[in-house]
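Residues per chain, in single letters:
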Amino acid sequence: MRVLVIEDDPMIGRAVVAGLHDGGYTVDWVRDGADAELALANEVYDLALLDLGLPRRDGLEILKGLRRAGGALPVVIITARDAVADRVTGLDNGADDYLVKPFDLDELLARARAVIRRREGRPSPEMSYGALTIDPVKRVVTFRGARVDLSPREFAVLEALMKEPGAVVSREKLEDAVYGWGEEVGSNSIEVHLHHLRRKLKPQLIRNVRGVGYRIAQLQ
Ligand code: CA
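Residues numbered from 1 in each chain as written. Predicted model: local features only at pLDDT ≥ 70, side-chain atom pairs only at ≥ 80, totals over all residues. Heavy atoms only, no water.

1. Notes on the packing of helix 7 (residues 171–178) against helix 8 (residues 189–200)
The packing of two helices is summarised by the inter-axis angle and the distance between the axes. Two elements in contact, helix 7 and helix 8, have axes whose closest approach is 10 Å; the angle formed by their N-to-C orientations is 85°. Taken together, the axes of helix 7 and helix 8 lie roughly perpendicular to each other. Here Arg-171, Leu-174, Glu-175 and Val-178 of helix 7 come into contact with helix 8, specifically with Ile-190, Glu-191 and His-193. Of the residues belonging to the contact of helix 7 with helix 8, the class tally is three nonpolar, one polar and three charged. (Axes fitted to C-alpha atoms, helices over the stretch in contact; angles between N-to-C directions. Helix = DSSP H or I, 4+ residues; strand = E, 2+ residues; numbered from the N terminus. Parallel < 35°, antiparallel > 145°, perpendicular 65-115°, else oblique. Contact = heavy atoms within 4.5 Å. Nonpolar A, V, L, I, M, F, W, Y, C, P; charged D, E, K, R; others polar.)

2. What about empty space enclosed by the protein?
Inspection of every chain in the model, using the stated rule, returns one cavity of 30 Å³ or more. The computed volume of the largest cavity comes to approximately 30 Å³. For the largest cavity, the full set of lining residues is Ile-6, Leu-40, Ala-48, Leu-50, Ile-62, Leu-63, Leu-66 and Val-75. Of all elements in the fold, only strand 3 (47–50) and helix 3 (59–68) reach the threshold of two or more residues within the lining of the largest cavity. Ranked by residues supplied to the lining of the largest cavity, first place goes to helix 3 with three residues. The residue makeup of the lining of the largest cavity, split by class, is eight nonpolar, no polar and no charged. (1 Å grid on protein atoms, 1.4 Å probe; cavity = no way out; pocket = protein on both sides within 12 Å on 5 of 7 lines; lining within 4 Å. Points joined across faces, edges and corners; volume = space filled by probe spheres on them.)

3. What to know about the layout of surface pockets
Roughly 310 Å³ of internal volume is contained in the largest pocket. The wall of the largest pocket is formed by 13 residues, among which Val-44, Asp-46, Lys-163, Lys-173 and Ala-177 lie closest to the centre. Residue assignment for the lining of the largest pocket shows that the elements contributing at least two residues are helix 6 (152–163) and helix 7. Its residues assigned to classes, the lining of the largest pocket comprises five nonpolar, one polar and seven charged. Both domains that furnish three or more residues to the lining of the largest pocket are identified here as domain 1 (2–120) and domain 2 (127–216). Each pocket or cavity is described by its volume, and for the second largest pocket that value is around 260 Å³. The wall of the second largest pocket is formed by Leu-40, Glu-43, Val-44, Tyr-45, Asp-46, Leu-66, Ala-72, Leu-73, Pro-74, Ile-116, Arg-119 and Glu-120. Partitioning the lining of the second largest pocket into residue classes produces eight nonpolar, no polar and four charged. (Domains from an automatic or database assignment.)

4. Section: the coordination of the calcium ion
Protein coordination of the calcium ion is provided by Asp-8 (OD), Asp-51 (OD) and Gly-53 (O), with donor distances spanning 2.2 to 2.3 Å. Linear spacing of the donor residues for the calcium ion on their chain is D-x42-D-x1-G. Residue Asp-8 is found in the loop between strand 1 (2–6) and helix 1 (10–22), and its partner Gly-53 is found in the loop between strand 3 and helix 3; the two are separated by 45 residues along the sequence. Residue Asp-8 is classed as partly exposed on the basis of its relative accessible area of 31%. The class of Gly-53 is partly exposed, set by a relative accessible area of 37%. (Donors = N, O, S within 2.8 Å, 3.2 Å for Na, K, Ca; no water. Buried < 20%, exposed > 50% of the residue type's maximum accessible area, 1.4 Å probe, protein only.)

5. Digging into the sheet that holds strand 1
Strands sit in the order 2-1-3-4-5 across an open sheet of five strands; the sheet is parallel. Here the strands that pair on one side only, and so sit at the sheet edges, are strand 2 (26–30) and strand 5 (97–100). On average, each strand axis in the sheet is tilted by 20° relative to the strand beside it, whichever way the strands run. Sheet topology note: the strand 4 (residues 75–79)/strand 5 ladder contains four bridges and is parallel. Across the sheet, residue Ile-78 finds its bridge partner in strand 5, namely Leu-99. Together, strand 3 and strand 4 form the strand contacts of helix 3, whose direction differs from that of strand 4 by roughly 170°. (Pairing = 2+ DSSP bridges.)

So, in structure tokens, the structure goes:
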């Protein structure tokens, strides 16, 4: 899961980014409204955390622009503006949820999960395909009934493949799911994660579609 954090306060931004990393998310952080619009136009995210008071463009304007363009990205507003009117305006303009600073990181993570789940139309967070089940909330993977321990990045690769079970996912998309901006991506690092996944699960579970990408096989 890839999250865009739009926050100009360095302390809050750092705390939120660290909390999201610990929660297993891939995170990009932008510090002003114009950079936020660029990121939203060029990258695919599962969630945006949006501060309202931002340099160069107000958070509410960013949200309005996103929704006007038909963007369905889940958005949680994080702001110090705690007036009821601001909350109502944010929700009326297409925010999915609202957190007033200061907030607890665990609450932020719980709301993020709930919002993503709602948008994906799945009341239960579990995803199953054949004998493979993953729970993105508890970060638990089971295969043929046995629990399998994965590193956060291995989990992120598997989660990206399980979002469209059976469909071919490009290597670039897998990299986007695993690495944030500025993170060093080794030339074969996705292959390394895939190698570990195949070893821990089952070699035939992840198929390489030559020149296109990878897909999960439905194994019983
Ligand atoms: Ca701010």
